[in-house]
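# Fold and geometry: a report
Here's the letter readout for the chains.
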Amino acid sequence: CTDIPELFLDKHVARSHFGRFGSLMNFVLRPRRMTCTVSYATEAEAERALLEGGVYNGHQFHMSYAERESSPAQKTEEWVDPDVQAELSALTAGWRSEYPAQQGKHAGKSSSGLTQASTGAPATASNPPRHTQSLASGRERSSNQFKELEALMSRPAHRSEEKYRVLDARDKLLRLKRNQKQQLDVQSSGGATQGQCPDMCPEKERLLREFQRQVAVYELQPGSDDRICHERALKQYSRSSADQETPLPHELRTEEALHMTMTYLMHEIMDNNHNLGDWFHFVWDRTRSIRKEITQQELCSLGAVKLVEQCARFHIHCAARLVAEDPSVFDSKINAENLTKCLQTLKYMYHDLRLKGIQCPREAEFRGYIVLLNLADANFLWDIGQLPADVQGCPEVSQAIEFYLALQDTNFVRFFQLVRAEETSYLSACILITYFTRLRVLALHRLIQSYRAPRKNEVSTLPLPYVSEMLCFGSDQVSAAHFVEHYGLEVNESDRVALTRMHTTETDYKLPRQLELVESKRRQTVGECICGEPLPPRTVYLGHRPHNSFNEHSVLKTSAWSAKDQSPGLQQHQQQLPQLLQQQEKEAQRPPFQDDNFFKVPMQPGGSSAASFTFALPKPRGQELLHLAAEHQQRQRDQEAKHQALQQAIAVAKKREAELMAIHEAKVAEAERMREEKLKKRLEAEAEQQRQQQQKELERQQRQWERERQEKLKEERLREQQERDARQKQQSLDCYQKLLPEVVDKICRQELQLHKEACRTFDSMVDEIVCEMAEKEMQQSLYELNIQRKFWQRWRNYRRVQQQKDTLFNQLPLSFAADRPNLLMNERSVDDSLRMIRRYRQGVACDYGSLLAGREQHSWLKLDLWRVLDECLPQTAPGATRFYKLLLLLSHPSHPSGQHLDYDLDMGLLQQPLAQEACVKPEQGIYIRALHQGVALSVVKISADFKDLRNAKFAEQADSIICLAGVAALSDMLPHLGQLISKSQCPDVAFILQHPSQEWEEPQLPLKELGVRQARIFPLRQGSCSRERLMNKFEAAVRFLARASVSRKCLATQQLYQAETREFLIDHLGRELFCRLKDAAKLDPAVRRRCKRGPQYCVDLYNEAVRRLQLVVSEDLEDCPRFPEDLRVFVDPGTTRVLSTDRQEFFEPGWHDPNRRHRIVQLLELSKLPKMPPLPQMSLVESYCQWVLDYVQLSQQEDLVDSIAVQATNLLEEEETSNEARYFDFVALLANERLQYILHRELELPNGITFRVNTMKNCFLSGWYYEFQAHLEEDLQGYEHPDEDDDLENPTDQQDQTDQAAEDPKDKLDFQQIMEQAEAALDRRLKRQALRDVNGPSTSNQNTTGSPRERTSGHKKKRLRLN
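What comes next concerns the included structure. (Residues numbered from 1 in each chain as written. Predicted model: local features only at pLDDT ≥ 70, side-chain atom pairs only at ≥ 80, totals over all residues. Heavy atoms only, no water.)

A cluster of acidic residues, Glu 708, Glu 711, Glu 715, Glu 716, Glu 720 and Glu 723, forms a negative patch on the protein surface. Here Glu 711 lies in helix H25 (residues 639–810). (Patch = residues over 30% accessible without salt bridge, like charges linked within 9 Å, V, L, I, M, F, W, Y side chains within 5 Å. Areas by Shrake-Rupley, 256 points an atom, 1.4 Å probe, with all protein chains shown as cover. Salt bridge = Lys/Arg side-chain N within 4 Å of Asp/Glu carboxyl O. Lys, Arg positive; Asp, Glu negative; His and termini not counted. Charge placed at Lys NZ, Arg CZ, Asp CG, Glu CD. Helix = DSSP H or I, 4+ residues; strand = E, 2+ residues; numbered from the N terminus.)

In structure tokens:
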């Protein structure tokens, strides 16, 4: 191949090009001739390459079959110029052995002699040494590699990939030299490589990652997605492998560079955690790279310890911050493994530095972390025992041991108390988060064992807040509920945890973020927390500039060939460089050697020629080794000469580079000239276009100014006309206001006088009639009371005798009045009586106390609460169940009065229902709960010994409260009564106060402070027949409270109503609404006139109706009373599915929740219609249809746009032909379709909605549309169009305007005309007000489901009555 591209000088590029056509057997490159020879395995591959491989990146070169050669390697040309070769070889024979001369056909002896002389190891003809031949062949191979690498290093590199190839060749060359040096210097001991890279990322890695597109998002240049920012780039972690080369010094960062990298991470990256996955993997990778370089360089200093400590803090922070993330983002096990490695490294570093006498300031902190990480393993105690005494007694280690003891004792309460303590740092809490799940499972197991029910079929429950507090979830009750449900426990609707058996789960519990327990301890930024001290200043990395090994011509610098430009002695080397260049110039001025031989004779340092070389006999093996050692020492001394020769080779390469750069610059200049010409043409075209645009803009502005001037003139004329009209109206009003007060005053005086006379006459007649009736009623009442008192006394006497007889009869051994005598023998009471009789007959004394036991329980003195409530509570509907809840508050048991009253209640003062099916299963905390005589009653007895009655069970939503106490204990019960009123929301209280003597003085109670609305005190005197008096007082108190609760419920709950949500919205925003609006337009000319101006007014009316319905739905109902949950068992399950009702027992659960109403408000907001664009002229049919289609697309769903648009167009055409109010049917169609679509799309809508009826009447069902002003008159001008109906409806207005125009403005106004106009305006105002009253709240309750004809006839009748 001839005339090959310059890119083929890189063998990697050439091999990749020719390798596409087959397997390469050999490749020979001749850079001087720009040719190459390629050998393939088969002829088919060679033929394919010949046909298809002659073009590379648009450059075409010649290809042909080469003549068969015996040894292609022998015909490979020199890469280095022969003159340069001679100059380099003249410096030293041994060092420049990697540049051997080309052997010719007739130079075999000379070359062999030269080789022998240079190596110093002669060979005899009979026995040639094999070692010498192997060294010569090895050097020849190394020489070829050196030439290829140096050729690649001397090439200019403009792109990132080219620069990487140059630096990679430089590193390969340095590794070859290092390997040769290690082979010669066998005794050199291999120590750790010390880093010399001053940057946060080596230059070679930066270039490699840039062209391979392996740049992280934190390392990109601003505004780019593939260019690396060299100031932000950080060295990436690479996993160690067996085939990985030993890193060179300039590939490892210095300790200062490592600190600069960590400072940059803590300042710029640690707190930038928008994408947690990318953030964690980036920081983890870069910190792992820092730890790897510390290990590679075997650094052990306070600075290295500080870096490893910061890496460990990062992993500790991530253990808590990322605990809730997905395993694909964060794996806690891998993080714990990395943390363990960091802590293990720190243990070794602390030990080594302690041996050197250096004390690490943060050793105590991390010794504590090591203990916290190994609390489950007691072997750490031995490690602590090996530490110095000051470290063993430090607070961090002592606190860690306290955690260990709490964990070993399984004392989870103590453990979480230590976590909450202020002494526990944030990082310590992050480590301890790994033990939370284990301890919480243990705590939950102990709670189940402690509070489980004693019987097998019973299940105990605990409040969820208590369980959350015991498991240390704090206020996060949602996480606590998820935790217990994960292990098989259930949380019921009342937020109580059922303590059943725990399940064994297959998957571990995913711990959420511990914001309250752990992360609240962090008071610093993430960077400061990981640093462990105040952050270093940003100037550590902001003032740093990354290293660049290339000069301004993109050629590798001279000092970068051996990477000495990154070594600390770079400045000294740069100072010696000018002297070396002067020495090279002197040697270059010497005359060249006149020798026809192809090989240039090397010059010795002393200046001797090649004639001094002689052939010698073989020397002994020992002398040969000594000679080799001396030669090696000589090579070391001649290192400076080697550098000078290298500079000369670089000079030749630079010359070639300069030529290439000149050609490149010429091409770039030509391209720049063409680009400038094109740019100039484009700029001229843009200038011309801009000039035209400016001209157009100027013309447009002139037209705009002219239009504005005309509008201003029009506005001035209109304003003047309005001012004239206003002055005329003001004069008329002034006259009217002068006359009106006098007439009104006169009429009012006359009416007032007549009213006073009528009132006096009426009062006198009423007083006489009332006195006569009162006297008659008083006499009748006295007569009836005397008769009632007489017969009542007789009945009491008779009843007392009958009770005594019944009592004696019931005490007989057998009851002869039983219906079924066979059951009497099984009665327990009969057995006891017979047993007592036998004992008496046998001589045993009778125990009358045992015989009469239970007599009080079966006494006839019992109060039937269901009978009392049945008489007091009204019947809302036939057969409907009435519900009532009563709270009994008793004084503290320590008071005697409290014990006596509690005893009377427990001995059966309140009668239980006789029918067993009326009772339900008893529940702890409820005294009586049963359904009898159509009344569902729940009685809850509460003692005042509670610390906080607001936490009492079943105390919510009561109907009344009865406080039973003595007068002395009343003051102690008032705080408990206030708590009970606040808990139950019941302001009606009855006090039954027991006093010891006949004298009774009613105490003064702070009712307002307690929040009592109605209260009454019933005194109870101690003494005989106290049970009968208590029953009477109790009945009177129940009757008083029942009547008070009825009045209170009527005021609070009679206005509530629940309706089905979808039916509610469709009924109130559908056909009924638009029928009301049509009727209003027919009756009110102002509404009809606004409707005819355009459909926007109808849209505004509909949106106003939606807004008012939102006000009704969003009203706060938290203060309304709710149905008691303990009476829910008596609600008929067959009627609970009725949604439209006004009875609270059938309301949906959570009907007062504001979130339910907020969802419906949002849905109503979506159902509003958008604003309409201006209405075009009706004469332009296409524009009119397009206007309809655009608005339908704007307001409706996409799949029904066409059908809705057709229906809307037909409605508009029908409305044009009719005389009724326009656009209502059109807007009704759009509103109905939009509402149906939104309801169909909303799947999780609440089934029912509760609202106040009065609010619905006042806000929505009233005549609000008469007062509604949609927009200002200026806003309506854009939507109106000429309408003939307005001219027909207002002929008088036009006639008045015509008369006013014809009349001379200089004429004076007639007083009679002004009065007539004023009276006409007053009549119209009165008629308008009457129409509003007719269509106001009184008409909203009428049935609107009738036909429009019936409603129209009804309104006509009202108008006739008004007229």
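Before going further, it helps to spend a moment on the sheet that holds strand E5 (residues 461–463). Here we have 3 strands laid out as an open sheet, ordered E5-E7-E6, and antiparallel in their pairing. Only two strands of the sheet have a single neighbouring strand rather than two, namely E5 and strand E6 (490–491). In this structure, E5 lies alongside strand E7 (residues 496–498), joined through 3 bridges in antiparallel fashion. Residue pairing for E7: Pro 463 is matched across the bridge by Arg 496. (Pairing = 2+ DSSP bridges.)

What follows concerns the packing of aromatic side chains. Within the structure shown, the criterion is met by 28 aromatic pairs. On the numbers, 6.3 Å between centres and 40° between planes, the contact of Phe 18 with Phe 27 is tilted. By relative accessible area, which is 1% here, Phe 18 ends up buried. Centre to centre, the rings of Phe 366 and Tyr 369 are 5.2 Å apart; their planes meet at 80°, and the pair counts as edge-to-face. In this pair, Phe 366 and Tyr 369 are both assigned in helix H12 (residues 363–373), 3 residues apart and thus about one turn of the helix distant. Taking relative accessible area as the criterion, Phe 366 reaches 0% and is therefore assigned buried. Aromatic rings pair up to connect Phe 8, Phe 18, Phe 27, Tyr 56 and Phe 61 into one cluster. Cation over ring: Lys 163 sits above Phe 550, and NZ or CZ is 5.5 Å from the ring centre. (Phe/Tyr/Trp six-rings, centres within 6.5 Å; stacked < 30°, edge-to-face > 60°. Buried < 20%, exposed > 50% of the residue type's maximum accessible area, 1.4 Å probe, protein only. Lys NZ or Arg CZ within 6 Å of the ring centre and 35° of its normal.)

Quick look at the packing of H12 against helix H15 (residues 395–408) now. Each pair of packed helices can be described by the angle between their axes along with the distance between the axes. Interhelical geometry of H12 versus H15 gives an angle of 10° and a closest axis separation of 8 Å. The angle between H12 and H15 places the two elements in the roughly parallel class. Residues Ala 364, Glu 365, Arg 367, Gly 368, Val 371 and Leu 372 of H12 form the contact with H15, whose own contacting residues are Glu 396, Val 397, Ala 400 and Phe 403. The class makeup of the residues in the contact of H12 with H15 is 6 nonpolar, 1 polar and 3 charged. (Axes fitted to C-alpha atoms, helices over the stretch in contact; angles between N-to-C directions. Parallel < 35°, antiparallel > 145°, perpendicular 65-115°, else oblique. Contact = heavy atoms within 4.5 Å. Nonpolar A, V, L, I, M, F, W, Y, C, P; charged D, E, K, R; others polar.)

The next point concerns the environment of Asp 495. Inspection of the secondary structure puts Asp 495 in the loop between E6 and E7. Along the backbone, Asp 495 and Pro 463 are 32 residues apart, and their C-alpha atoms lie at a distance of 6.2 Å. Those residues within four positions of Asp 495 in sequence are excluded, and the remaining contacts are Leu 462, Pro 463, Leu 464 and Pro 465.

Taken across its 9 residues, strand E10 (residues 935–943) has 8 buried, putting it largely inside the fold. Across 9 bridges, strand E8 (residues 882–890) lies against E10 in parallel orientation. Bridging from a neighbouring strand, Leu 887 pairs with Val 940 of E10. With 5 bridges connecting them, strand E9 (residues 928–932) and E10 associate as antiparallel partners.

Every buried residue of helix H20 (residues 477–486) is accounted for by Ser 479, Ala 480, Ala 481, Phe 483 and Val 484. Where the residues of H20 are buried, they touch helix H18 (436–451), helix H19 (464–470), E6 and E7. One or two steps after H20, the chain reaches Gly 488, where phi turns positive at roughly 90°.

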